[in-house]
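Below, each chain spelled out in residue letters.
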Amino acid sequence: MAACSESLRVDREKLDPSFDGYKLSLDPLPVYNVSTESGVDEVKLHENQYSLQHVKAFGIRNYLVTDQWNPHCVFYVDDQWKVKQMRVVLETQLDSPKSVFQIPATNHKSASNRHFVSFHFPGPHWSVLADGAGTLYILETNNRDEATPPEWKIAFSEAVCGSERPFVVLDSTVHTADSKCTMDCLLIYIEEAKPDSSNEPQSPKSNFTSVIEWVTITRQTDTEQFQVERKRKLQSKAAPQYVALEPSGEAVYIAADSDYEMIEDSVKPVKVKETTKNKYQKDTVYSWTQSVDDVTVTFILPEGVGKADIDYKLTSKDINLGIKNLVMLLKGELFNSVDVEASTWTIENRKFELTLSKSESGPFWSEVVRGDKRGEYVTDSDQAAEMYERLSHLTSDQLSVGNDEMKPAYNSQELEECDAFPEDTSAMTRIDGNEHKITNKVSLGSNQWLFNVAIEPGKAPATCLRHDVDGLIWQPDKPDSGGSPWKHIATFNALGYVQASKRDRKFASCAPDFSYAALCDCSRHVYVYRQCIPTQTPLRNRKTGKIIGQVAKQQLVTLETNDSILGFQTSNERLYILTREKIYVVRIPKA
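Here the structure is a predicted model, which is why all the values come from computation and not from measurement. (Residues numbered from 1 in each chain as written. Predicted model: local features only at pLDDT ≥ 70, side-chain atom pairs only at ≥ 80, totals over all residues. Heavy atoms only, no water.)

Section: the sheet that holds strand 30 (residues 470-476)
Read from one edge to the other, the open sheet built from 4 strands follows the order 28-29-30-31, with strand pairing classed as antiparallel. Sheet topology places strand 28 (449-453) and strand 31 (486-492) at the edges, where each strand pairs with a single neighbour. Between one strand axis and the next, the sheet turns through 30° on average, direction left out of account. As defined by bridge partners, strand 29 (residues 462-467) adjoins strand 30 across 5 bridges and the pair is classed as antiparallel. (Pairing = 2+ DSSP bridges. Helix = DSSP H or I, 4+ residues; strand = E, 2+ residues; numbered from the N terminus. Axes fitted to C-alpha atoms, helices over the stretch in contact; angles between N-to-C directions.)

Looking at the pattern of salt bridges
Within the structure shown, the criterion is met by 28 salt bridges. One salt bridge connects E91 with R587, and the closest N-O pair in it is separated by 3.2 Å. Here E91 is found in the loop between strand 5 (82-87) and strand 6 (98-102), whereas its partner R587 is found in strand 39 (residues 582-587), with 496 residues between them in sequence. A salt bridge links K180 to E229; the shortest N-O distance between them is 2.9 Å. One end of the pair, K180, is in strand 12 (residues 180-192); the other, E229, is in strand 14 (residues 227-236), with 49 residues separating them in the sequence. Exposure remark for K180: the relative accessible area of 23% places this residue in the partly exposed category. Salt bridges here are not isolated pairs; linked through shared partners, they connect E91, E573, R574 and R587. (Salt bridge = Lys/Arg side-chain N within 4 Å of Asp/Glu carboxyl O. Buried < 20%, exposed > 50% of the residue type's maximum accessible area, 1.4 Å probe, protein only.)

Some words on the side chain of S127
Along the chain, the position of S127 falls in strand 8 (residues 126-130). Owing to a relative accessible area of 0%, S127 belongs among the buried residues under this scheme. Once residues within four sequence positions are removed from consideration, S127 is found in contact with F119, H120, F121, P122, Y137, I138, L139, T141 and W152. (Contact = heavy atoms within 4.5 Å.)

Brief notes about the nonpolar core
Among the nonpolar cores identified, the biggest contains 35 residues, and I212, L234, V252, I254 and I431 are the most heavily contacted of them. At the level of elements, strand 4 (73-77), strand 12, strand 13 (208-219), strand 15 (242-245), strand 16 (251-256), strand 38 (574-578) and strand 39 are the ones that each hand at least two residues to this core. Leave out the neighbours within four places in its chain, and I254 touches I212, L234, P240, Y242, V243, Y260, A427, M428, T429 and I431. In terms of nonpolar packing, the next biggest core, distinct from the first, is built from 26 residues, I319, L356, W365 and V369 among them. (Core = buried A, V, L, I, M, F, W, Y, C linked by side-chain atoms within 4.5 Å.)

Quick word on a nonpolar patch on the surface
Together, L45, L52 and V55 make up an exposed nonpolar region whose accessible area comes to about 240 Å². Turning to its location among the elements, L52 is positioned in helix 1 (residues 52-59). (Patch = residues over 30% accessible without salt bridge, like charges linked within 9 Å, V, L, I, M, F, W, Y side chains within 5 Å. Areas by Shrake-Rupley, 256 points an atom, 1.4 Å probe, with all protein chains shown as cover.)

A look at empty space enclosed by the protein
If you walk through the whole model with that rule in mind, you get 2 cavities of 30 Å³ or more. Roughly 60 Å³ of volume is contained in the largest cavity. Around the largest cavity, the lining residues are V40, D41, R61, Y63, V65, Y76, V77, F116, V117 and F119. Split by residue class, the lining of the largest cavity holds 8 nonpolar, no polar and 2 charged. Lining the second largest cavity we find V43, K44, L45, Q49, F58, R114, H115 and F116. Taken together, the residues of the lining of the second largest cavity break down into 4 nonpolar, 2 polar and 2 charged. (1 Å grid on protein atoms, 1.4 Å probe; cavity = no way out; pocket = protein on both sides within 12 Å on 5 of 7 lines; lining within 4 Å. Points joined across faces, edges and corners; volume = space filled by probe spheres on them. Nonpolar A, V, L, I, M, F, W, Y, C, P; charged D, E, K, R; others polar.)

As structure tokens, this is what we get:
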């Protein structure tokens, strides 16, 4: 596993230390719209998709897809499961979206566990589409940049991840060599680990895993059929923030709160390390928490174990807890003495909960049984409240009293959203598809992820990260010998700061030429931040007297609807905004 020895190398020439902020411009941006006619195929998370991985991977979906090969074309899927295309040449002459592909009418559309339809354009004449119900399609689109777009034709369709396993397309590439056409696709799904067949008690924590399947599909000539040539599988305990294929198809780039590992390859055996799951089940067999008065220990029991199977002996100083003729759960000297009469245990389904009543209220335990390291301590909300009361004299939202009564205390409400960081350290990695290992890794640390954006056709999407108050654009590319694959290519001054103030922000993006960045609310409002441009006449700062020769503008777009915004895309000249009833096109004039 590669260590986080690399760092993101900022190009200082692309920073502006004298940036003076965005000036609100009242110049209106032209807004046009056209009806969707048949709505949008919107899919909500289901009740069994409740984990953090589900929310990150499928919770906030951009239902509008841009065509990086034809930036004036956008696509979406309507309620009738038709892929609709809108091509914009003149905003004043918008045509209704045209149907280019009918997703095969099967009972998959009504499946209770399906995801949204997702698709990507690996080339100017190809599309990769997942119906959200478990089928992957490779479609011949021909030239999509036509006034009357041609119908897409199915060149391949298969349940590549197994029957009845829904997934979403993340990225795809296509390349041709020696008459062989190779299509690489990255697909993601969330799965719950199967119950362990052993008799060891299991962790009570949720055990969802994010899985990325890397599928390689090929055909030798134009007359042959596509076939799956290779499958690779990567997994992690965290859903990714960024996933992209290297254009050559040799590696994959992933940014996430936990590293992804290659666990399967149909062509080359993978040296499987001890998985997080197995290690967890071996070293951690119970969780526990405590309050001032009690210690609560939780086990997940094997199937079929009931009250009659529990062997339980408790004294004020020792415990002997197990499953008769099967396994010992907890045995030894307790960390502190307990009140035996007040201590209880219960079983509900497979969850065994033991409550130990402390003989003395107050002292906190560092472990349940002395020397037993198999338990994971979980902070309890009641305990946190009690600790807060005990430490409340150290912090206050009021002015302090005494010798420093005029000095304001630290106020936690002064923190903004951008000042909060995840508990796990995020990292960006490059994973070699043949060597099955991380070749490059850089810790993101405090560099909050802002958005991903396709900059150039045929290249991996770029990602925007927060550095101090700025938003910096990083483009991944195959590294030179000993070099870093991430290059700093552009900067949006103060974007990291201003996005934190947008509490209703749903989408963010920028123009491929970096002329502006845009933040989109859940409804009605879009904020456009234009890069600095020279002023026609010099301006003077009224406070400092400093002469300002260039200015950056902020412009506000307000839609005449309260409908939720379901999709948002940007090009150098336009913003595209999708609601259930309409598609809005916002003209961005060049400065």
